[in-house]
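# Report on the structure
The lines below spell out each chain.
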Amino acid sequence: MKGRMISGLMITSEDALANRSFHTGEVNLKNMDAIQSTTRKTFDAQLKELEQQLLKMGSFVEGMLDSSVQALIRQDSELADEVIRRDDVADNMDLEIETACMRLLALQQPMSKDLRIISTALKIITDLERIGDYSVDIAKAAKLLSGEPYFKPLIDIPRMAELTKKMLRDALQAFVDRSIEKAIQVCKDDDAVDQLNKGLLEELMDYMRKDPKLIMQSVHFILISRYLERIADHVTNVAERIVYMETGELRQIVESHKGA
């Protein structure tokens, strides 16, 4: 057995090899920790960017909704056309965010909470895209109604629109804050929109029974009210996905949606 004396101790070649291996292992572990830390920071930055993209899309479709209702109130066909043109932008945002989510899933292979965040983002953009579509539907109806005076003042429709926009803003804030309480409150707020939609439907049906000449305009108002009610439903979908993101439990919070 070959070796050499160091401070009165015989150090063999095997001992030296084991010692080098030990220290090399320490270096490798430190390098691995550094790599994992850098990877996590990169992933967190990518998640933050994804969040900002989603909020940007949410703000954009809220603007589409607001403009479509304003076009209806002001009977502004040019503003209605602008809303219709914006639909392509919303669709492109949807595609960009979906691509970013798929890239994160493929390259980072996230687990548990991170995976739920990305899957929630994929679901949310689907609902946001549908909100944009319904805003376009409202804008198209506004164009059709722009050339004739309304037989009644618009009260319930603008009120529904304001409630729905607030629900959307609150849902997006719940996503940012990771707030279950705010998300659940958004779901509860859907009841007020449903009640307004029901009340307006009954009122317009009564108008149509009394005066058949009001049928065409009433039908458009009924459809617009229905579009707003459906937008609110999509917002509740967003809120319910946020609860899932935080708890891992996927459930329908809004009673009227259960069994639908």
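Calculation criteria
- Residues numbered from 1 in each chain as written.
- Predicted model: local features only at pLDDT ≥ 70, side-chain atom pairs only at ≥ 80, totals over all residues.
- Heavy atoms only, no water.
- Helix = DSSP H or I, 4+ residues; strand = E, 2+ residues; numbered from the N terminus.
- Buried < 20%, exposed > 50% of the residue type's maximum accessible area, 1.4 Å probe, protein only.
- Contact = heavy atoms within 4.5 Å.
- Areas by Shrake-Rupley, 256 points an atom, 1.4 Å probe, with all protein chains shown as cover.
- Expected span 1.5 Å × (residues − 1).
- Salt bridge = Lys/Arg side-chain N within 4 Å of Asp/Glu carboxyl O.
- Axes fitted to C-alpha atoms, helices over the stretch in contact; angles between N-to-C directions.
- Parallel < 35°, antiparallel > 145°, perpendicular 65-115°, else oblique.
- Nonpolar A, V, L, I, M, F, W, Y, C, P; charged D, E, K, R; others polar.
- pLDDT = per-residue confidence, 0-100.
- Phe/Tyr/Trp six-rings, centres within 6.5 Å; stacked < 30°, edge-to-face > 60°.
- Core = buried A, V, L, I, M, F, W, Y, C linked by side-chain atoms within 4.5 Å.
- Left-handed = near helix turned anticlockwise from the far one by under 90°.

The subject of this paragraph is the overall build of the protein. Along its length, the protein carries 6 helices and 2 strands. Its helices and strands in sequence order give the protein the pattern β-β-α-α-α-α-α-α, from N to C terminus. Out of the 260 residues belonging to the protein, those deemed buried represent 41%. The long-range fraction of contacts in the protein, counting pairs at least 24 apart against all pairs at least 6 apart in sequence, stands at 78%. Accessible area for the protein stands at about 14400 Å²; split by element, carbon and sulfur atoms hold 55% of it.

Quick look at unusual backbone geometry now. Most peptide bonds take the trans configuration, and most residues that are not glycine carry a negative phi. Within the chain, Gln75 stands out as a residue other than glycine whose phi angle is a positive 55°. Even without a glycine there, the phi angle at Arg178 is positive, about 55°.

Moving on, we get to helix α4 (residues 156-177). In an α-helix there are 3.6 residues to a turn, and that puts residues three or four apart on one side. In this model, α4 (22 residues) spans 31 Å end to end at C-alpha, consistent with the 32 Å of a helix rising 1.5 Å per residue. Phi turns positive one or two residues past the end of α4, at Arg178, with a value near 55°.

Close approach of charged atoms allows side chains of opposite charge to pair. Applying the stated criterion across every chain yields a total of 20 salt bridges. For the salt bridge of Lys143 with Asp81, the shortest nitrogen-to-oxygen distance reads 2.8 Å. Of this pair, Lys143 sits in helix α3 (residues 112-145) while Asp81 is found in helix α2 (residues 77-108), placing the two residues 62 residues apart along the sequence. Using a relative accessible area of 35% as the deciding quantity, one classes Lys143 as partly exposed. Here Asp81 falls in the partly exposed class, since its relative accessible area comes to 25%.

At a closest axis distance of 9 Å, the pairing of α3 and helix α6 (residues 215-247) adopts a crossing angle of 170°. The angle between the axes of α3 and α6 places the two elements in the roughly antiparallel class. Per-class residue counts for the contact of α3 with α6 are 18 nonpolar, 8 polar and 9 charged.

This part is about the confidence of the model for the protein. Residue-level pLDDT values for the protein average 88, and 82% of them are 70 or greater. Contacts for the low-pLDDT stretch residues 6-11, under 50 throughout, to residues beyond four places or in other chains number 8 contacts. For residues 15-19, every residue scores under 50 in pLDDT, and the model assigns this stretch 1 contact once sequence neighbours within four places are set aside.

This part is about the packing of aromatic side chains. Where two aromatic rings form a pair, the distance of their centres and the angle of their planes describe that pair. Here the structure, examined in full by the defined rule, presents 4 aromatic pairs. Ring geometry for Tyr150 versus Phe221: centroids 5.4 Å apart, planes at 75°, classification edge-to-face. Highlighted residues: Tyr150 in the loop between α3 and α4 and Phe221 in helix α6, separated in sequence by 71 residues. The burial state of Tyr150 is the same as that of Phe221; both residues are buried.

Quick look at the nonpolar core now. By size, the foremost hydrophobic cluster in this structure holds 64 residues, and its most contacted members are Leu50, Ile224, Leu228 and Ile242. Secondary structure elements with two or more residues in this core: α1 (13-74), α2, α3, α4, α5 (180-210) and α6. With 14 residues, α3 is the single largest residue contributor to this core. Residues contacting Ile224, with those up to four places away along its chain left out, are Leu72, Ile138, Ala141, Leu145 and Ile157.

In this section: the packing of α2 against α3. Between α2 and α3, the least distance of the axes is 9 Å, while the angle of their chain directions is 165°. Taken together, α2 and α3 sit at an angle that is classed as roughly antiparallel. Considering how the two elements wind past one another, α2 and α3 form a crossing that is left-handed. The residue inventory of the contact of α2 with α3, partitioned by class, reads 15 nonpolar, 3 polar and 9 charged.

On to the side chain of Ser135. Along the polypeptide, Ser135 turns up in helix α3. Every residue in contact with Ser135, bar those within four places of it in the chain, is listed here: Val61, Met64, Leu65, Ser68, Val83 and Ile231.

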